[in-house]
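Geometric and topological summary
Next come the chains, spelled out residue by residue.
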Amino acid sequence: LNSEIQYLQINVDGALADGLIFLHGSSGFNNEGPEKLFDRDPATKWCGGYNAEGLYLVFKACDIVSPYFYTLVTGGDTQRFPERNWGTWKIYGANFEGDGAAKRDAEGWTLIDEKNDVGQNRLNPANNTASYFGMSTGLVEYQYYKVELICNYQGRTDVVHQMTEMTFGSEE
C-alpha cells in the first residue's frame, strides 16, 4: 500500500495548527486541561479526576477529514502512576452546521472508534511512550470529533487520569 500519512494536531490556545481547532472539554487539575493533549509539549498533559458526567473533549477539523489511526502518548510520570492510563474510551465523528451545534450531547455524533479494557500490553505504563490505535470503523469523513473517556485501564473511575499527547492521522 503506497500511502502518505498526515498527522493532524491543534495548538493549546485553539488556534489553527495543521488543520484542527480545540473547542471544549472537561477540565483538568490547575493548568492540565484537555487542550494539553494537542500542544506538542511532552512536559504538559491532560490530567484530572473522573466525575459523574464522565470526561470528554471536542475539536474540529478545518476541512472534512477521514482519520485512519491515532496516537496516544503517556504522561511524563506514568511509570510512577500507571493507574492513570486510559483503559476504555470512545471517539465520535459528526458533521454539524457550525461550532455551536457541536455540543457534547448533541444529536448527530457517530461512534467511529471504541477501545475497551486496554491493558498495559497495549498502552505501555512507561513515561512519554506513544501507542498507535487504528480506527474501529471504516474511513468516513467528518469535521467534528469527540473523545469520551470512560475509565482507566483497571476499569476504575475513582482515580486520576492522564495523557500527554494525542494525534490523529489520515491515510492519503
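The structure we're discussing is the one just above.
All values reported here derive from a predicted model rather than from experimental measurement.

**Side note on the pattern of salt bridges**
Following the criterion strictly, the structure yields eight salt bridges and no others. The shortest N-O distance in the salt bridge between D77 and R84 comes to 3.5 Å. Of the two residues, D77 and R84, neither departs from the other in class, the shared state being buried. Shared partners join several salt bridges into a network, and the residues in it are K45, D77 and R84.

**Observations regarding the nonpolar core**
In terms of nonpolar packing, the biggest core is built from 28 residues, with Y70, L72, W86, W89 and M166 touching the most fellow members. Of all elements in the fold, only β4 (55–65), β5 (67–73), β6 (86–94), β9 (142–152) and β11 (165–171) reach the threshold of two or more residues within this core. At five residues, the largest contribution of residues to this core is made by β4. Beyond its immediate sequence surroundings of up to four residues, M166 is in contact with L37, F38, Y70, T71, L72, I91 and V147. Judged by nonpolar contacts, the second largest core, of nine residues, contains Y56, V58, Y92 and A94.

**Observations regarding the packing of aromatic side chains**
Ring pairs (aromatic) are described by centroid distance and by the angle formed between their planes. On inspection of all chains with the given rule, the structure shows eleven aromatic pairs. Summarising the aromatic geometry, the rings of Y142 and Y145 are spaced 6.5 Å apart at their centres and angled 90° between planes, so their arrangement reads as edge-to-face. Using a relative accessible area of 10% as the deciding quantity, one classes Y142 as buried. One Lys or Arg, R84, reaches over the ring of F81 and ends 4.0 Å from the middle of that ring.

**So, the environment of A106**
Inspection of the secondary structure assignment puts A106 in the loop between β6 and β7 (110–115). Apart from the residues lying within four places of it in its own chain, the contact partners of A106 are F96 and A101.

The rules behind these values
Residues numbered from 1 in each chain as written. Predicted model: local features only at pLDDT ≥ 70, side-chain atom pairs only at ≥ 80, totals over all residues. Heavy atoms only, no water. Salt bridge = Lys/Arg side-chain N within 4 Å of Asp/Glu carboxyl O. Buried < 20%, exposed > 50% of the residue type's maximum accessible area, 1.4 Å probe, protein only. Core = buried A, V, L, I, M, F, W, Y, C linked by side-chain atoms within 4.5 Å. Helix = DSSP H or I, 4+ residues; strand = E, 2+ residues; numbered from the N terminus. Contact = heavy atoms within 4.5 Å. Phe/Tyr/Trp six-rings, centres within 6.5 Å; stacked < 30°, edge-to-face > 60°. Lys NZ or Arg CZ within 6 Å of the ring centre and 35° of its normal.

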